[in-house]
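Working through the structure, step by step
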Amino acid sequence: TEEKLQELLSILPDKVKKARKKHILVKDSSQPDQIIEANTRTIPGIITNRGCAYAGCKGVVVGPLKDMIHIVHGPVGCSYYTWGTRRNKAKSEDPTQNFINYCVTTDMQEKDIVFGGEKKLAKLIDEVVEIFKPKAISINATCPVGLIGDDINAVAKSAEERHGVPVLAFSCEGYKGVSQSAGHHIANNILMDKVIGASDKEEAPGRYAINILGEYNIGGDAWEIERVLKDIGYTIVSTMTGDGSYEELRHAHTADLNLVQCHRSINYIAEMLEIKYGTPWVKVNFIGVEGMSQSLRDMATYFDDEELTRKTEEVIAREVARVQPMIDQYRKVCEGKTAFCFVGGSRGHHYQGMYRELGIETVLAGYEFAHRDDYEGRHVIPTIKTDADSKNIPELHVNRDEKRFRVKVSPEKLEELKKKIPLSEYKGMNFDMQDGYIIVDDLNHYETDEFIKLLKPDIFSSGIKDKYVVQKMGIPAKQLHSYDYSGPYAGFNGALNFARDIAMSFATPTWNFIVPPWQDQPLLEGKMAEGEGK
Ligand code: CFM
Ligand code: HCA
């Protein structure tokens with residue numbers, strides 16, 4: 001495999017080859033500390049799937065908060081291309097406070113770039129308050145805003161004073177980092193600083209109070225997870241940020257436990273909530289029947305309550321008995337196949353379990369923009385060196401809130417629990433991959449083509465940018481960002497939907513009409529040198 005990898009990279013210039021090599025690993029458990037390079041700049045000229053800091057801030061973390069108007073301060077394209085594409089669904093009991101379908105922008109023109117866009121932004125906020133009366137407003141900066149030096153914080157402050165409505169300014173200019181990841185961090189900081197804990201409530205509204213962090217309700221995932229959690233008896237204080245709201249986020253300090261699903265995008269808030277309010281966090285993965293069941297059991301272990309544990313087992317038994325027989329039917333179509341799984345910063349890992357439940361092995365996986373800890377586990381965090389790009393993003397340092405800090409579980413009990421459940425712990429994707437499988441960070445277009453030719457997977461899962469290229473190679477491609485407009489894929493019903501969709505992508509007769517290039521084109525091309533072949 002090492003040889004094949006060298007061959008694959010051989011067409012690249014030496015410097016690029018050396019750089020890319022560090023982002024590719026062949027899993028080898030005899031080497032306990034396999035290091036992968038991650039969260040560094042994509043080399044110019046390489047076609048990457050990555051997005052920008054603005055996408056990570058506005059598009060991912062802040063955008064789903066439904067009772068806010070999210071203003072994109074920038075050229076219209078930045079707004080338009082994030083309008084409804086991410087499928088973060090939202091419902092509201094108060095229909096006047098659900099703005100999820102809107103796309104609001106200052107539509108900066110040349111004049112604004114030259115003379116500044118602050119006045120236009122202030123005027124837009126006035127209009128937004130008048131027309132929508134939202135609970136709060138966000139200003140999301142795009143690249144030109146930072147370049148021309150518009151002071152969005154000053155505009156936010158004076159608008160807040162003018163209208164008495166909270167206005168949050170996110171300096172998430174696209175270039176602020178090497179990917180979406182920078183935007184997650186910027187969003188986490190402001191939400192922690194300005195929103196979480198802003199209410200004067202001291203008590204959670206019920207027993208077993210939890211926040212669900214890093215769940216964005218793509219295709220309705222959060223609704224399926226919440227259905228099960230509520231059935232067991234949990235009180236959900238807030239979901240960050242799928243179908244979430246400014247209103248509920250303010251009370252997040254009252255929860256007894258934080259669940260972290262997408263570690264990459266929200267581990268900052270999880271850590272800060274622990275320091276400030278003493279709320280422990282546990283890593284969960286609600287994808288797949290086994291993932292879902294295990295996460296529910298880990299939660300019950302944390303609360304250590306007989307009734308909750310009994311109800312947990314009852315719900316798992318009921319749900320598994322309902323969905324598993326149908327999943328088993330679909331498994332017959334899927335068994336023995338292989339997959340590539342390349343998604344943003346958590347799904348490249350989370351979906352491997354569900355594939356395995358269908359009898360599909362993920363032979364190549366990776367993340368677009370995750371950090372080393374998402375691959376290698378959180379224990380490497382102290383060893384990650386900060387470079388100029390990561391220094392660009394301010395660190396928010398929080399202190400214990402003396403009035404509100406509550407010890408939820410004694411330190412001795414926490415240590416006990418750490419031996420049983422992933423408390424403040426994420427072991428990373430590499431941990432779950434088998435020897436010989438390939439791990440690629442920031443997979444690019446060229447490598448996608450080459451790895452497909454090399455490993456000929458039966459299914460490729462990633463996003464819109466490579467889906468059609470892959471399908472034209474005769475390979476089913478399943479979008480794991482948008483679910484190809486299907487879903488939910490989380491929880492028990494989600495696992496069933498996923499099994500059905502994956503089985504369907506193998507069973508469709510479409511593939512009879514496509515010939516993959518390696519079946520009618522030579523894999524190797526060359527010329528005979530003069531004198532040879534006589
Ligand atoms: Fe987390 Fe996400 Fe993901 Fe992500 Fe994203 Fe997304 Fe994703 Mo697209 S927050 S890292 S920045 S799970 S938008 S809901 S699907 S790349 S794997
Ligand atoms: C983003 C959003 C995205 C893009 C999906 C894709 C999403 O990165 O800004 O490339 O198919 O999930 O909508 O990740």
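Residues numbered from 1 in each chain as written. Chains lettered and ligands numbered in written order. Predicted model: local features only at pLDDT ≥ 70, side-chain atom pairs only at ≥ 80, totals over all residues. Heavy atoms only, no water.

A few points about the layout of surface pockets
Formally: Both site types are read off a 1 Å grid over the protein atoms alone. A 1.4 Å probe that fits but cannot get out defines a cavity, while an open set with protein on both sides within 12 Å along at least five of seven lines defines a pocket; lining residues have an atom within 4 Å of a point. Grid points are joined across faces, edges and corners, and a volume is the space filled by probe spheres set on the points. Each helix is a run of DSSP H or I of at least 4 residues and each strand a run of E of at least 2, with the numbering of both proceeding from the N terminus. Residues were grouped as follows: Ala, Val, Leu, Ile, Met, Phe, Trp, Tyr, Cys and Pro as nonpolar; Asp, Glu, Lys and Arg as charged; and all remaining residues, including Gly, as polar.
By volume, the second largest pocket amounts to about 1000 Å³. Taken together, 36 residues make up the lining of the second largest pocket; nearest its centre are Asn39, His371, Ile384, Thr386 and Ser390. When contributions to the lining of the second largest pocket are tallied by element, the ones reaching two or more residues are α9 (180-194), α12 (263-277), α16 (372-376) and α17 (388-391). Take the lining of the second largest pocket: its biggest share by element is 6 residues, from α12. By residue class, the composition of the lining of the second largest pocket is 13 nonpolar, 12 polar and 11 charged.

Thoughts on the sheet that holds strand β4 (residues 136-141)
Our working rule: A pair of strands is considered paired only if DSSP assigns at least 2 bridges between the two. The contact rule is simple, with two residues in contact once any of their heavy atoms fall within 4.5 Å. All axes here are fitted lines through C-alpha atoms, helices being fitted over the stretch that makes contact, and every angle between N-to-C directions spans 0 to 180 degrees.
In space, the 4 strands of this open sheet follow the order β3-β2-β4-β5, with parallel pairing throughout. The sheet terminates laterally at β3 (104-105) and β5 (167-170), the two strands that pair on one side only. Bridging between strand β2 (residues 68-73) and β4 involves 6 bridges; their strand directions are parallel. Looking at β4, one finds that His73 is bridged to Ala141. Running over the sheet, helix α6 (residues 118-132) touches β2, β3, β4 and β5 and is turned about 155° from β2.

Describing helix α20 (residues 464-472)
Heads up, the rule is: Only protein chains enter the accessibility calculation, which uses a 1.4 Å probe; a residue whose area is less than 20% of its type maximum is buried, one above 50% is exposed, and one in between is partly exposed. Within this analysis, the arc is defined by the directions that extend from the helix axis to the C-beta atoms.
Every buried residue belonging to α20 is among Asp466, Lys467 and Val470, and all of these are buried. The arc that holds every buried residue of α20, seen down its axis, measures 125°, which confines them to one face. With respect to the buried face of α20, the exposed residues turned more than 90 degrees away are Lys465 and Lys472. In this structure, the buried side of α20 is in contact with α19 (445-455), β13 (459-462) and β14 (477-479). Just downstream of α20, Gly474 is the residue with a positive phi angle, here 90°.

Focus: the sheet that holds strand β10 (residues 338-343)
Sheet strands line up and pair through hydrogen bonds in the backbone, either parallel or antiparallel. Reading across the sheet, the 6 strands line up as β1-β12-β11-β10-β13-β14 and stay open at both edges, with mixed pairing between neighbours. Two strands in the sheet have a free side with no partner beyond their single neighbour: β1 (24-26) and β14. Geometrically, the sheet is characterised by an average inter-axis angle of 15° between neighbouring strands, direction not taken into account. As paired strands, β1 and strand β12 (residues 438-441) are joined by 3 bridges and run antiparallel to one another. Bridge pairing in β12 places Ile24 opposite Val440. Of the strands in this sheet, β1, β10, β11 (361-367), β12 and β13 touch α19, which is tilted by about 170° from β12.

A look at the site of ligand 1
Condition: The nearness test applies per residue and asks whether one of its heavy atoms lies within 4 Å of the molecule or strand.
Among the 14 residues in the neighbourhood of ligand 1, the closest are listed as Arg86, His184, Cys262, Ser346 and His481. Here the shell around ligand 1 is built from residues that sort into 6 nonpolar, 6 polar and 2 charged.

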